[in-house]
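Coordinate analysis (summary)
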Amino acid sequence: MEIFMRTMKDVGVGETVKVVKLDGEGAVKRRIMDMGITKGTEVYVRKLAPLGDPIEVTVRGYELSLRKADAVMILVD
């Protein structure tokens, strides 16, 4: 049985989610963590660009733009 985990890319505008896990390796994972996105952090999706990339979010009180390629690595609940 496979359990489907939602990623940041699947979250709709206006939703607040909690980060469960970060996938990815080395420098990419480190960059995401340096932006303040760590396990247990709440992230609010503010808006999507017209073509869906990037995703604008609020995390730890500041606005941040995430590329879809990075958003896929952030597993949320």
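Described in the following lines is the structure provided in the data block. (Residues numbered from 1 in each chain as written. Predicted model: local features only at pLDDT ≥ 70, side-chain atom pairs only at ≥ 80, totals over all residues. Heavy atoms only, no water.)

1. A closer look at the nonpolar core
Convention followed: Buried Ala, Val, Leu, Ile, Met, Phe, Trp, Tyr and Cys residues form a nonpolar core when they are joined through side-chain atoms within 4.5 Å. Any residue under 20% of the maximum accessible area for its type is buried, any over 50% is exposed, and the rest in between are partly exposed; the area is computed with a 1.4 Å probe on protein chains only. By the convention used here, residues are in contact when the closest approach between their heavy atoms is within 4.5 Å.
Within the largest apolar cluster, 18 residues are counted, with the highest numbers of intra-cluster contacts made by Met8, Ile37, Val43, Val57, Leu66 and Ile74. Excluding its chain neighbours within four sequence positions, the residues that come into contact with Leu66 are Met8, Met35, Ile37, Asp53, Pro54, Ile55, Val57 and Ile74.

2. Looking at the sheet that holds strand β2 (residues 16–22)
To be explicit about the condition: Pairing between strands requires that DSSP locate at least two bridges from one strand to the other. Labels follow the DSSP assignment, with helices taken as runs of H or I lasting at least four residues and strands as runs of E lasting at least two, numbered in each case from the N terminus.
An order of β1-β6-β2-β3-β4-β5 is seen for the six strands of this open sheet, with the pairing classed as antiparallel. Of all the strands in the sheet, just β1 (6–7) and β5 (62–66) have a single pairing partner and so form its edges.

3. Quick look at the pairing of β5
Along a regular strand, successive side chains alternate from one face of the sheet to the other. When strand β4 (residues 55–59) meets β5, the two strands line up antiparallel, connected through five bridges. Following the sheet pairing, Val59 is matched in β5 by Tyr62. Counted between consecutive antiparallel strands, the loop separating β4 from β5 contains two residues, among which Arg60 sits at a positive phi close to 50°.

4. Focus on the pattern of salt bridges
This is how it is decided: The rule for a salt bridge is simple: a side-chain nitrogen of Lys or Arg has to be within 4 Å of a carboxyl oxygen of Asp or Glu.
Counted by the stated rule, this structure contains seven salt bridges. In this structure, Lys21 and Asp23 form a salt bridge, with 3.4 Å as the shortest nitrogen-oxygen distance. The partly exposed category is assigned to Lys21, whose relative accessible area is 46%. Exposure remark for Asp23: the relative accessible area of 30% places this residue in the partly exposed category.

5. Structural notes on the side chain of Asp70
So the rule is basically this: Whenever a nitrogen or oxygen atom comes within 3.5 Å of another N or O atom, the pair is scored as a polar contact, on the condition that within protein one atom can donate a hydrogen and the other can accept it, and that pairs from neighbouring residues in sequence are kept only if both atoms are in side chains.
For Asp70, the position within the fold is in helix α2 (residues 68–71). Residue classification places Asp70 among the buried positions, given a relative accessible area of 4%. Only 3.1 Å separates the side chain of Asp70 from the side chain of Arg31, close enough to count as a polar contact. Every residue in contact with Asp70, bar those within four places of it in the chain, is listed here: Val28, Arg31 and Ile32.

6. Let's talk about unusual backbone geometry
In this structure, Arg60 is a non-glycine residue whose phi angle is positive, near 50°. Inspection of the secondary structure assignment puts Arg60 in the loop between β4 and β5. Accessibility expressed as a relative area gives 54% for Arg60, which makes it exposed.

7. Regarding the pairing of strand β3 (residues 42–48)
Pairing geometry for β2 and β3, over three bridges, is antiparallel. Residue pairing in the sheet places Thr16 in a bridge with Tyr44 of β3. Bridge count for β3 against β4 is five bridges, and the pairing is antiparallel. What sits directly across from Tyr44, in β4, is Thr58. Two successive antiparallel strands, β3 and β4, enclose a turn made up of six residues, where Gly52 displays a positive phi of approximately 85°.

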